[in-house]
Amino acid sequence: MEDRGLILVNTGNGKGKTTAALGVVLRAVGQGLKVLILQFIKSGNGYGELKGLELLGDSVEIRSMGKGFIYYKKNDVTAETLAVHKHAAQEAWHMLIDEVNSDQWDLIVMDEINNAVNYELIDVNDVVTMLKNKPRRLHVILSGRYAKDEIIELADTVTEMKVVKHAYQQGIKAVKGIEF
Ligand code: ATP
Ligand code: MG
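Basis of the calculations
- Here the residue numbering is sequential within each chain, running from 1 through the sequence in written order.
- Chains carry letters and ligands carry numbers; both start at the beginning, A for chains and 1 for ligands, and go up in the order they are written.
- Two thresholds apply to this predicted model, a pLDDT of at least 70 for residue-level local features and 80 or more for giving and counting side-chain atom pairs, whereas whole-chain, interface and lining totals are computed over all residues.
- To get the side-chain values, all heavy atoms of the structure are used, and hydrogens and water are removed first.
- Each residue gets one of three labels from its accessible area relative to the maximum for its type: buried under 20%, exposed over 50%, partly exposed in between, using a 1.4 Å probe on protein chains only.
- Helix and strand assignments come from DSSP, with helices taken as H or I runs of at least 4 residues and strands as E runs of at least 2, each series counted from the N terminus.
- We call two strands paired when DSSP finds no fewer than two bridges between them.
- Working convention: axes come from line fits to C-alpha atoms, limited for helices to the stretch in contact. Angles between N-to-C directions cover 0 to 180 degrees.
- Any angle from 65 to 115 degrees is called roughly perpendicular, while one under 35 is roughly parallel, one over 145 is roughly antiparallel, and all others are oblique.
- Contacts are assigned to residue pairs with any non-hydrogen atoms lying within 4.5 Å of each other.

This part covers the pairing of strand β4 (residues 107-111). Here β4 lies mainly inside the structure; 5 of its 5 residues are buried. Burial of β4 is two-sided: the residues Leu107, Val109 and Asp111 facing one way and the residues Ile108 and Met110 facing the other way are all buried. Inspection of the sheet shows strand β2 (residues 35-39) paired to β4 by 5 bridges, in the parallel sense. Residue Gln39 lies in a different strand from β4, and its bridge partner there is Asp111. Here 4 bridges tie β4 to strand β5 (residues 139-143), and the two strands are oriented parallel to one another.

Pasting the structure below:
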């Protein structure tokens, strides 16, 4: 039996990156694993998964550490906004390193971390170093669009969500319980 923790990446432009990670969390909790979810980029407590995960009790902990959503086109973001996000991402990063090294978790979900790397809020080399040095038994899931090649190379399982259709394209805004 392989006892090595796996590295999973959920990327691509279709819906399902975060929710697939949460599906694994549900499965992991059912098998008695201890799970930590760190949300980069996202902030606030309006997310259904935050409320849902609370119902799962002590096996899972979720922390939102972002400063809200910054949009895909880097050029649209002012220097000031970027600085705020950068600060939040760095704090989140230090917490991530502490939690990884604590060796008290069986699975850590790093939600939207790929976006944080893509926006240069977090250095890809730091992520690579973390993945290479993580406790052997620890499983990690890195989600978010634009996963870097260096991270994909290190991963065991990589899934690219591809958008075929999205309700948003019909003008249907984010739906409670489905999107958040
Ligand atoms: P989910 O959280 O539903 O699994 P995701 O993690 O794959 O989605 P993100 O890139 O994190 O998607 O996008 C954040 C929000 O945008 C989510 O509410 C998601 O449902 C929605 N979304 C995902 N893909 C698309 C798309 N192709 N067009 C419009 N909205 C999308
Ligand atoms: Mg997501």
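Where helix α3 (residues 79-102) meets helix α5 (residues 124-133), the axes come as close as 11 Å, and the angle between the chain directions of the two elements is 10 degrees. It follows that α3 is roughly parallel to α5 by the angle criterion. Note on element contacts: α5 touches α3 through Asp126, Val127 and Met130, opposite Trp93, Leu96, Ile97 and Val100.

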